[in-house]
Amino acid sequence: MAALTFLGIESSCDDSAAAVVRADENGVAEVMASVVEGQTSLHAAFGGVVPEIAARAHAERLDYCVDRALSEAGLSLHNIDGIAVTSGPGLIGGVLSGVMLAKGLAAGAKRPLWGVNHLAGHALTPRLTDGLPFPYLMLLVSGGHCQFLIVEGVDRFRRLGGTIDDAPGEAFDKVAKLLGLAQPGGPVVEREAADGNPARFTFPRPLLDRPGCDLSFSGLKTALLRARDALVAEKCGITVQDRRDICAGFQAAVTDVLAEKTHRALAIYLEQRPLVPALAVAGGVAANKTIRARLETVCGENGVRFVAPPLRLCTDNAAMIAWAGIEQARAGMPSGIDLVARPRWPL
Ligand code: KG4
Ligand code: ZN
């Protein structure tokens, strides 16, 4: 196996990112540089990501991110063996910014170019950080995604289930908004929940009564809205402790649902008798300590290794895209400058 050094570019949502990853002859990988420029402040006033603003910011900042990543790695484009770019799924204006920049760089420096599915980037990250062998189970829990995948190969993913409405991170963000807390909601709700009583409000555990691994989070948000409005009607407002208890009740419900569905997904996965059974998590919600600890317990109960890559590689970044490009190149998947940007692209 030849050593490979790849440049990765990511711009599918609200992070402009570029990274350089090197994999040596033995397959051991090193993230030489990983630059992520978030856009939270640009979208804050709108209560969500505005696609047009995101696309413009990517167009303005991506080339700078690439320059910085190359200079932090101490390399120029001529030392790079290949370029990998997120070509979907995502907000199409942003994806196009990244794809067009990558095509320009690939053509100018005469380097091969691979298009990477953003979800595959997340799904392959445990191989970059922990060298996990196939097949492993992946739980992707972010602001935009929620799904269980058995990762069987570089381009072989078996989807066991996923959310039928909101992603859990989106639910955390909406809850924060309902309670007048800052965005992104996840870390703030987690902090509030730490001082709350999770038993005071019993929120629903959606879809637990139905078989399978699908999840739902939008009903939870509605139940929470009702609880908040009842408190407001009763006392003309909610106290700090009310808010903490609501956050704790909400987090407990999300945790219970994710834990039970993980049990079910593991049962299906373990039927494959994997040599090194493992569950890996990715996405911003995997940063939540209560959720993480519970998933770790579920893994322990099933005799399965729990793998949580460092947070900077769990949330959106370009190192995972560079790594997925290396995996695709090593698997003999074709490169080409004619790749297209795809707003929708299920695995
Ligand atoms: O993976 P990510 O950075 O971006 C994408 O959605 O692609 O995930 C961001 C999401 C946000 O919705 C944020 O509220 C949530 O992850 N999040 C958390 C925590 N930290 C971030 N949710 C729960 N607990 C946390 N500690
Ligand atoms: Zn993502």
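No experiment lies behind these values; they were computed from the predicted model shown.

Novice: Just checking my understanding: could you explain the overall build of the protein chain for this structure?
Specialist: Helix and strand counts for the protein chain stand at 11 helices and 10 strands. Against the compact-globule benchmark of 20 Å for 347 residues, the protein chain has a radius of gyration of 21 Å, which places it among compact chains. Overall size of the protein chain, expressed as C-alpha extent along the three principal axes, is 70 × 50 × 30 Å. Expressed as a percentage of its 347 residues, the buried residues of the protein chain come to 50%. A separation threshold of at least 6 residues defines the contact pool for the protein chain, and within that pool the share at least 24 residues apart is 73%.

Novice: What is the right way to look at helix α4 (residues 118-130) in this model?
Specialist: Here α4 is 13 residues long and its end C-alpha atoms lie 19 Å apart, about the 18 Å a rise of 1.5 Å per residue gives. Counted residue by residue, α4 has 11 buried out of 13 residues, so it is predominantly covered.

Novice: Please clarify how the pairing of strand β7 (residues 146-153) should be interpreted in this entry.
Specialist: Along any regular strand, the residues point their side chains to alternate faces of the sheet. Among the eight residues in β7, six count as buried, and that is most of the element. Of the strand pairs in this sheet, strand β6 (residues 136-141) and β7 are connected by six bridges, and their pairing is antiparallel. Each residue of the ladder has a partner; that of Leu137, found in β7, is Ile150. The hairpin formed by β6 and β7 contains four residues between the paired strands. The turn joining β7 and strand β8 (residues 156-162), which pair antiparallel and follow one another in sequence, is formed by two residues.

Novice: What exactly am I supposed to notice about the packing of helix α5 (residues 168-178) against helix α6 (residues 185-194) here?
Specialist: The angle between the axes and the distance between the axes are what describe a pair of packed helices. Look at α5 against α6: their axes get within 8 Å of each other, and the N-to-C directions meet at 65°. It follows that α5 is roughly perpendicular to α6 by the angle criterion. Handedness of the crossing formed by α5 with α6: left-handed. Residues Gly169, Phe172, Asp173, Val175, Ala176 and Lys177 of α5 pack against Gly185, Gly186, Val188 and Val189 of α6.

Novice: Teacher, can you tell me more about the environment of Gly27 here?
Specialist: Position of Gly27 relative to the elements: it lies in the loop between β2 (15-23) and β3 (29-38). For Gly27, a count of 14 C-beta atoms within 10 Å puts it in the partly exposed group.

Novice: I would appreciate a short explanation of the pairing of strand β9 (residues 278-282) in the present structure.
Specialist: For β9, the tally of buried residues reaches five of five residues, placing the bulk of the element in the interior. Of the two faces of β9, the one holding Ala278, Ala280 and Ala282 and the one holding Leu279 and Val281 are both buried throughout. Sheet topology note: the β6/β9 ladder contains four bridges and is parallel. Within β9, the position partnered with Leu139 by the bridge is Val281. Of the strand pairs in this sheet, β9 and strand β10 (residues 305-307) are connected by three bridges, and their pairing is parallel. Bridge pairing in β10 links Leu279 to Phe306. Between β9 and its parallel partner β10, the chain crosses via helix α9 (residues 289-302), and the hand of that crossover is right-handed.

Novice: Help me understand the nonpolar core, please; the structure alone is not making it clear to me.
Specialist: Considering soluble globular proteins, one finds that nonpolar side chains tend to be buried as a cluster. Ranked by size, the top nonpolar core spans 107 residues in total, and within it Ala18, Ala19, Val21 and Ala322 carry the most contacts. Looking at this core, the element that brings in the most residues is helix α8 (residues 240-270), giving 12 residues. Mapping this core onto the domain boundaries places at least three of its residues in each of domain 1 (4-131 + 316-330) and domain 2 (136-311). The residues contacting Ala19, other than those within four sequence positions of it, are Gly8, Val31, Ala33, Ser34, Val35, Ala69, Asn317, Ala318, Ala319 and Ala322.

Novice: I would appreciate a short explanation of the confidence of the model for the protein chain in the present structure.
Specialist: Detailed reading of the predicted coordinates is not advisable wherever pLDDT is low. This prediction gives the protein chain a mean pLDDT of 95; 100% of its residues lie at or above 70. ipTM for the predicted complex: 0.98, alongside a pTM of 0.94.

Novice: Honestly, the site of ligand 1 in this entry has me stumped. Any pointers?
Specialist: Gly143, Gly169, Gly186, Gly284 and Thr315 are the nearest of the 20 residues found near ligand 1. Elements represented by at least two residues in the shell around ligand 1 include exactly α5 and α6. Residue composition of the shell around ligand 1, by class: six nonpolar, 10 polar and four charged.

Novice: What exactly am I supposed to notice about unusual backbone geometry here?
Specialist: Negative phi is the rule for most residues except glycine; trans is the rule for most peptide bonds. Note that the residue after Gly88, namely Pro89, is joined by a cis bond; omega there is -15°. In this model, Phe134 is joined to Pro135 through a cis peptide bond whose omega is -10°. Relative to the helices and strands, Pro135 is located in the loop between α4 and β6. Of note in the backbone geometry, Lys110 takes a positive phi value of approximately 55° without being a glycine. When you line up the elements, Lys110 lands in the loop between α3 (92-109) and β5 (113-117). The phi dihedral of Cys236 falls on the positive side, at around 60°, and the residue is not glycine. Relative to the helices and strands, Cys236 resides in the loop between α7 (218-235) and α8.

Rules of the game
- Residues numbered from 1 in each chain as written.
- Chains lettered and ligands numbered in written order.
- Predicted model: local features only at pLDDT ≥ 70, side-chain atom pairs only at ≥ 80, totals over all residues.
- Helix = DSSP H or I, 4+ residues; strand = E, 2+ residues; numbered from the N terminus.
- Rg over C-alpha atoms; globule rule 2.2 N^0.38 Å.
- Buried ≥ 20, exposed ≤ 12 C-beta atoms within 10 Å, placed from the backbone.
- Contact = placed C-beta atoms within 7 Å.
- Expected span 1.5 Å × (residues − 1).
- Pairing = 2+ DSSP bridges.
- Axes fitted to C-alpha atoms, helices over the stretch in contact; angles between N-to-C directions.
- Parallel < 35°, antiparallel > 145°, perpendicular 65-115°, else oblique.
- Left-handed = near helix turned anticlockwise from the far one by under 90°.
- Right-handed = clockwise from strand over helix to strand, strands pointing away.
- Core = buried A, V, L, I, M, F, W, Y, C linked by C-beta atoms within 7 Å.
- Domains from an automatic or database assignment.
- pLDDT = per-residue confidence, 0-100.
- Near = placed C-beta within 6 Å.
- Nonpolar A, V, L, I, M, F, W, Y, C, P; charged D, E, K, R; others polar.

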